[in-house]
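Residues per chain are reported as follows:
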Amino acid sequence: MKEKINLIKQNLLETKEQVMKKNRKSRKAFSFFFMSVTMLFSLVFLAFSPTTTVKQFDMTKDLSSAFLNNKINNIVSKTTNAEVVRMLPYDFSAPQNPPSSKNYYTKDGKSCYKDSTIEVTCWKEVSKINGAEICFSDIKIKHPSQFRRQWANGDYNSSKYQYPTNIFALSNGVVGMSSDFYKFRKYGVIVQYGTVICDKRSTLSRQKYLDVLVIDYNGDFKIWKDNELSDYIKKNGADDIMLSFSFGPALVENGVAYDPKVENNYPLGEHYMHSGRAAIGQLGKLHYLLCTYGNPGLQRQDFPQILVDKGCITAYNLDGGQSGTLVFKNNVYNKIAYKGEQRPMSDVLYFASAE
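Criteria and thresholds
- Residues numbered from 1 in each chain as written.
- Predicted model: local features only at pLDDT ≥ 70, side-chain atom pairs only at ≥ 80, totals over all residues.
- Heavy atoms only, no water.
- 1 Å grid on protein atoms, 1.4 Å probe; cavity = no way out; pocket = protein on both sides within 12 Å on 5 of 7 lines; lining within 4 Å.
- Points joined across faces, edges and corners; volume = space filled by probe spheres on them.
- Helix = DSSP H or I, 4+ residues; strand = E, 2+ residues; numbered from the N terminus.
- Nonpolar A, V, L, I, M, F, W, Y, C, P; charged D, E, K, R; others polar.
- Phe/Tyr/Trp six-rings, centres within 6.5 Å; stacked < 30°, edge-to-face > 60°.
- Buried < 20%, exposed > 50% of the residue type's maximum accessible area, 1.4 Å probe, protein only.
- Core = buried A, V, L, I, M, F, W, Y, C linked by side-chain atoms within 4.5 Å.
- Contact = heavy atoms within 4.5 Å.
- Pairing = 2+ DSSP bridges.
- Disulfide = S-S within 2.5 Å.

1. Notes on the layout of surface pockets
Here's step 1: One number sums up the size of the largest pocket: a volume of about 550 Å³.
Here's step 2: Contributing to the lining of the largest pocket are 29 residues, with F247, G269, E270, S275 and D319 lying nearest its centre.
Here's step 3: When residues of the lining of the largest pocket are traced back to their parent elements, those giving at least two are helix 5 (182–185), strand 14 (275–284), strand 15 (287–298) and strand 16 (314–318).
Here's step 4: Considering each element in turn, the lining of the largest pocket owes the most residues, 4 residues, to strand 14.
Here's step 5: Here the residues of the lining of the largest pocket sort into 11 nonpolar, 12 polar and 6 charged.

Here's what the structure looks like:
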């Protein structure tokens, strides 16, 4: 009898141990499942949270942050079938991949380019004011890092100028335009990815405060006065500034054309002369407009309304005249004012594919 009781006890102990072992396996399986689900939701959050995308992955502004962002988005896309949002590194390099020739096309007489990260439409109109040619380029991008700047000879310290098409060829961009030709004046507030390239006031006798176009890491436009921006940078640094351009003045703010009487003594842009013009505007979130106005030119006071009519929320005057050059598919798209030939300059702004 004693042996039977001991045998029953032993069987009970073995059964209990087997149950505990099964429970341990179940707990491990549940823990693994819970951790997997948590990691998946974390990846989804990292990929789709605007704050995280900009502030955490982008703040290092280098190739590794772009690589990490793209890898995470690829994982999330494969797991959830969600759209991949790619980015380019926040550095002075050009994108490694040029635009694909198969993505250029013509539609309704307009020249276009489209891939998964950028959509560009270029077209020409005849001005109702004086019959001049106006060229536009409507650009939509998926990530702010696709809005970039390129320098002559690939170096903002270069003392030599290049034609806009030659500078643009270094960029691997889809579409670009002459910008503020900063090296011609060597003053203003110029920032690129937190690097202050120039912070200097002009000694012009008529000097007013220059308007500076500042683009943040969300790709949004804001107009600053140069003295206010300079003071801000001295106190806070420039880490939150993606790009800035110093020419001006502001043409449109909050969807309203500026009052020409306010800026009638603005030191740049030859306000009262009939001249070729160039401008950039923001139409919406990661949505932009480039514009050049050709011969016989117009006074700057007539320029803002053209941009308002196209839907610009904010628009900014860039270096015009012979400098105003719009480049698409590595060719000059507009008829350049004045001599009709490209002018060597120091820099262009451009938009690139992130594929």
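2. A short note on the packing of aromatic side chains
Here's step 1: Inspection of the entire model under this criterion finds 17 aromatic pairs.
Here's step 2: Consider the rings of W123 and F136, whose centres lie 5.3 Å apart with planes at 25°: the pair is stacked. Here W123, found in strand 3 (residues 118–126), pairs with F136, found in strand 4 (residues 133–141); they are 13 residues apart in sequence, far enough to count as distant.
Here's step 3: Judged by centre distance (4.5 Å) and plane angle (40°), the ring pair of F147 and F351 falls under tilted. Taken together, the residues span a long stretch of sequence, with F147 in strand 5 (residues 147–151) and F351 in strand 19 (residues 347–351) at a distance of 204 residues. Taken as a pair, F147 and F351 share a single burial class, namely buried.

3. Concerning the nonpolar core
Here's step 1: Counting 59 residues, the largest nonpolar core has F147, I280 and F351 as its most contacted members.
Here's step 2: The dominant element in this core, judged by the number of residues it contributes, is strand 15, at 6 residues.
Here's step 3: With sequence-adjacent residues up to four places away left out, I280 is seen in contact with F147, L213, F221, L289, L290, T314, A315, Y316, L318, L349 and F351.
Here's step 4: One finds V189, V212, A238 and I241 within the second-largest nonpolar core, a separate group that totals 9 residues.

4. Overview of the sheet that holds strand 13 (residues 256–257)
Here's step 1: The strand order 1-2-3-4-15-14-16-12-13 describes an open sheet built from 9 strands, whose pairing is antiparallel. With partners counted over all chains shown, the strands left at the sheet margins are strand 1 (104–107) and strand 13, one partner each.
Here's step 2: Here 2 bridges tie strand 12 (residues 250–253) to strand 13, and the two strands are oriented antiparallel to one another. Within strand 13, the residue paired with E253 across the bridge is V256.

5. Some words on the state of the cysteines
Here's step 1: All chains considered together, the criterion is met by 0 disulfides.
Here's step 2: We note that C112 lacks a disulfide partner, and the nearest cysteine sulfur, in C122, lies 7.7 Å from it.

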